[in-house]
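Given next are the chains, with one letter for each unit.
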Amino acid sequence: MMPGHIGFGLGDVDISTKLTKNISLKVPFVSSPMDTVTEHKMAISMAMQGGIGIIHSNFTVEDQAAEVRRVKRFKNGFITDPICLPPDGTVGDVLTLKAKHGYSGVPITEDGKMGGKLVGIVSNRDITFIDDPSILLREIMTPRDKLHVAKQGVELQGANDILKETKKGKLPVVNDNDELVALIARTDLLKNLEFENASKDKVTKQLIVGAAIGTRPEDRTRAAALVEAGVDVVVVDSSQGDSVYQIDIVKHLKATHPKLQVIAGNVVTPSQAIHLIQAGADGLRVGMGIGSICTTQEVCAVGRAQASAVFHVAKFARRHGVPILADGGIKSTGHITKALSLGASCVMMGSMLAGTDDAPGEYFYQDGVRLKRYRGMGSIEAMSKGSEKRYVWEDGGGSSAAAASQAHSIKVAQGVSGAVQDKGTLLRYIPYLVQGVRHGMQDAGLRSLDEAWEKLYSDKLRFEVRSPAAQKEGGVHGLHSYQKRLF
C-alpha cells in the first residue's frame, strides 16, 4: 500500500465500523466461531474492548445458548460464574482448585453450586497452615454471619467501596434469599476500569455477542434457542456459502426473527454474494481456503486469493449497503490494515487469538515454548465434534439417501490441528492490534475507514505488487540472530 500525506495525529485515526447493517463496532475485530477460539470468555473480552466474539456451534443447542447467556449477563467487574464448594468439601479440594486455576478464595454454598445458599467462604489464609488435606471446609471457613456481602443490584463502585472499607479479598453478592449470584475479587480491580469502547446494546446496555449455526433443518431450532438467550447476530457457518441450503435458512431467519442480524457466507465472488444479499443477509463473510489451518484450496481446488476476494466482494456488496468480514489469512497488524483498506468492514481472526488466555483450552509446553492447541473446523478432530455440517451438504432423502449416508461416513479433512504460541491476555493484545492498525492507516494518510474506502474506489489509494526480492527486504534481514517482541 502506497504511503499518503500525514496531516493528523495517531489519536485522530478512527477505526469504528459496521459489523452488519444495524450493528456498529468501535474496533473492527471479530473472533472466529472455532472451538479452540471463541467461547463465552473470549466473547466477553472481545466485546469489552470494542469488538465481538462469535461462539462456535460444536456445542449442544442448550450449551451454546448457555454460553450466550453468560455473555449477556456479564457485568463489568462481577464474576458471575465463580467455582463454589460445599461445606463437606475438603481442604484438598481447595488446594486442587488453587493448583489448577491459581486462586484459593472459594465461596461455600449449601449445594456447592453457583446460585446455592451462601454459608461461608474459604480464603488462602484459612488453609495456609493446615497440613491435613482431609479437613472439612465447614471447620475452617469463615461462616456466613461473619461475612461482609453486597446485595444483588449493587453497582460496581458501591461494591468496590465495601471491599476497600472491609479490607477483604472477596465480596460475595447475594439476593434476598441469601443465594450467591456473583463474586467480586480485589485482585480483579483491573476490571473496574471503564471500557469506553465496549460493544453494548443501546437499550439493555448488555454486551453484544454472536453465535454460529449450520444450514441443516435442526439449526432452525438452534437459532430459536439462541434468539431466546439474547444473541445479537447469527453467523451461518458454511465453507461455501452459495448454496440452496444457506439461502433457505437465511430467508427463514429473516422471516422468523426479523430483528436478528444475519451474517452469511463464506463467499469469494460477487456472483456468490448476490444470492445471499437477495436472501436478506445483513453482512457477508469473505474467504475460502486461506486460513492458517485450512486446506480447502489444496484438497478441493476451490477458493480464491484473499485480497482479490475482499476487494471484489466488498466493492459489489457496498452497492447494496452490506458490510463484509475478511475471514482468514490474518497473521499480523499489516494484514488487518490491508484487509480494511481493501474494503472489509471487519476482520475475523482465529490463529491470531487462539494463543491468548481468553481462548478455550489449557497451555502446555513443547521444547520450552508455552503453547495452546489450535485446530481448523475442517480437521478430522473438529468434524468428529460436530463441525462436519459446515463442509457436507446432502438432503438425505429419496434417491439420495445412500449418497447422504456415504457422505457422512467418509470424512474428507479440509483443515489441520496444531498449536500456537502463547500471546498473553487480550487486555494487552487487542490494544496492541488497534495501535498497529492506526499506525498503518496514518502512514497511508487515512483518517478513517470511510476515508480509506472513498479513496480506494476513487483510485486515490494505490497498491503495488511486491516482487519476492521486495518482500524479503520488507522483512527482517541481514542479521545473524534477533528477537522479535510484539509488545
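Calculation notes
- Residues numbered from 1 in each chain as written.
- Predicted model: local features only at pLDDT ≥ 70, side-chain atom pairs only at ≥ 80, totals over all residues.
- Heavy atoms only, no water.
- Helix = DSSP H or I, 4+ residues; strand = E, 2+ residues; numbered from the N terminus.
- Rg over C-alpha atoms; globule rule 2.2 N^0.38 Å.
- Buried < 20%, exposed > 50% of the residue type's maximum accessible area, 1.4 Å probe, protein only.
- Areas by Shrake-Rupley, 256 points an atom, 1.4 Å probe, with all protein chains shown as cover.
- Lys, Arg positive; Asp, Glu negative; His and termini not counted.
- Charge placed at Lys NZ, Arg CZ, Asp CG, Glu CD.
- Salt bridge = Lys/Arg side-chain N within 4 Å of Asp/Glu carboxyl O.
- Pairing = 2+ DSSP bridges.
- Phe/Tyr/Trp six-rings, centres within 6.5 Å; stacked < 30°, edge-to-face > 60°.
- Expected span 1.5 Å × (residues − 1).
- Contact = heavy atoms within 4.5 Å.
- Right-handed = clockwise from strand over helix to strand, strands pointing away.

Let's talk about the overall build of the protein
- Looking only at helices and strands, the protein features 17 helices and 19 strands.
- Taken over the C-alpha trace, the protein has a radius of gyration of 25 Å; the compact-globule value for 487 residues is 23 Å, and the two agree within 12%.
- Its C-alpha atoms put the protein at 70 × 65 × 50 Å along the principal axes.
- In the protein, which comprises 487 residues, the share counted as buried stands at 49%.
- As displayed, the protein has an accessible area near 23,300 Å², and 50% of this comes from carbon and sulfur atoms.
- The positive charge centre, built from 59 side chains, and the negative charge centre, built from 53, are 4 Å apart in the protein.

Describing the pattern of salt bridges
- Enumeration over the complete set of coordinates arrives at ten salt bridges.
- Among the salt bridges present, the one from Asp-282 reaches Lys-254, with a minimum N-O distance of 2.7 Å. With Asp-282 in the loop between helix 8 (270-279) and strand 14 (283-286) and Lys-254 in helix 7 (residues 244-256), this residue pair connects regions lying 28 residues apart in the sequence.
- On the basis of relative accessibility, which here comes to 5%, the residue Asp-282 falls in the buried class.
- Residue Arg-285 is joined to Asp-327 by a salt bridge in which the shortest nitrogen-to-oxygen separation is 2.8 Å. Of this pair, Arg-285 sits in strand 14 while Asp-327 is found in strand 15 (residues 324-327), placing the two residues 42 residues apart along the sequence.

Observations concerning the sheet that holds strand 9 (residues 170-174)
- The sheet built from three strands is open, its strands ordered 8-9-10 with mixed pairing. At either margin of the open sheet sits one strand with a lone partner, and together these are strand 8 (150-151) and strand 10 (180-185).
- Relative to strand 10, strand 9 runs antiparallel, the two being bridged by five bridges. Considered in strand 10, the bridge of Pro-172 is made with Leu-183.

Here we look at the packing of aromatic side chains
- Going through the model one piece at a time under the given rule, you end up with one aromatic pair.
- On the numbers, 6.0 Å between centres and 25° between planes, the contact of Tyr-429 with Tyr-432 is stacked. Separated by three residues within a single helix, Tyr-429 and Tyr-432 lie in helix 15 (residues 426-443), roughly one turn from each other.
- Taking the relative accessible area as the measure of exposure, Tyr-429 reaches 2% and is therefore buried.

Describing helix 7
- In a regular helix each residue adds 1.5 Å, so 13 residues correspond to 18 Å; helix 7 covers 18 Å between its end C-alpha atoms and thus fits that length.
- For helix 7, the complete set of buried residues consists of Gln-246, Ile-247, Ile-249, Val-250, Leu-253 and Lys-254.
- Contacts from the buried residues of helix 7 go to strand 11 (210-213), helix 6 (218-229), strand 12 (233-236), strand 13 (261-267) and helix 8.

Description of the pairing of strand 14
- Both faces of strand 14 are covered, namely the face carrying Gly-283 and Arg-285 and the face carrying Leu-284 and Val-286.
- Relative to strand 14, strand 13 runs parallel, the two sharing four bridges. Each bridged residue has a counterpart across the sheet, and for Val-267 the counterpart in strand 14 is Val-286.
- Viewed along the sheet, the connection from strand 13 through helix 8 into strand 14 turns out right-handed.
- Bridge count for strand 14 against strand 15 is three bridges, and the pairing is parallel. From the neighbouring strand, Val-286 faces strand 15, where its bridge partner is Ala-326.

Such coordinate-based values are descriptive only and should not be taken to indicate function.
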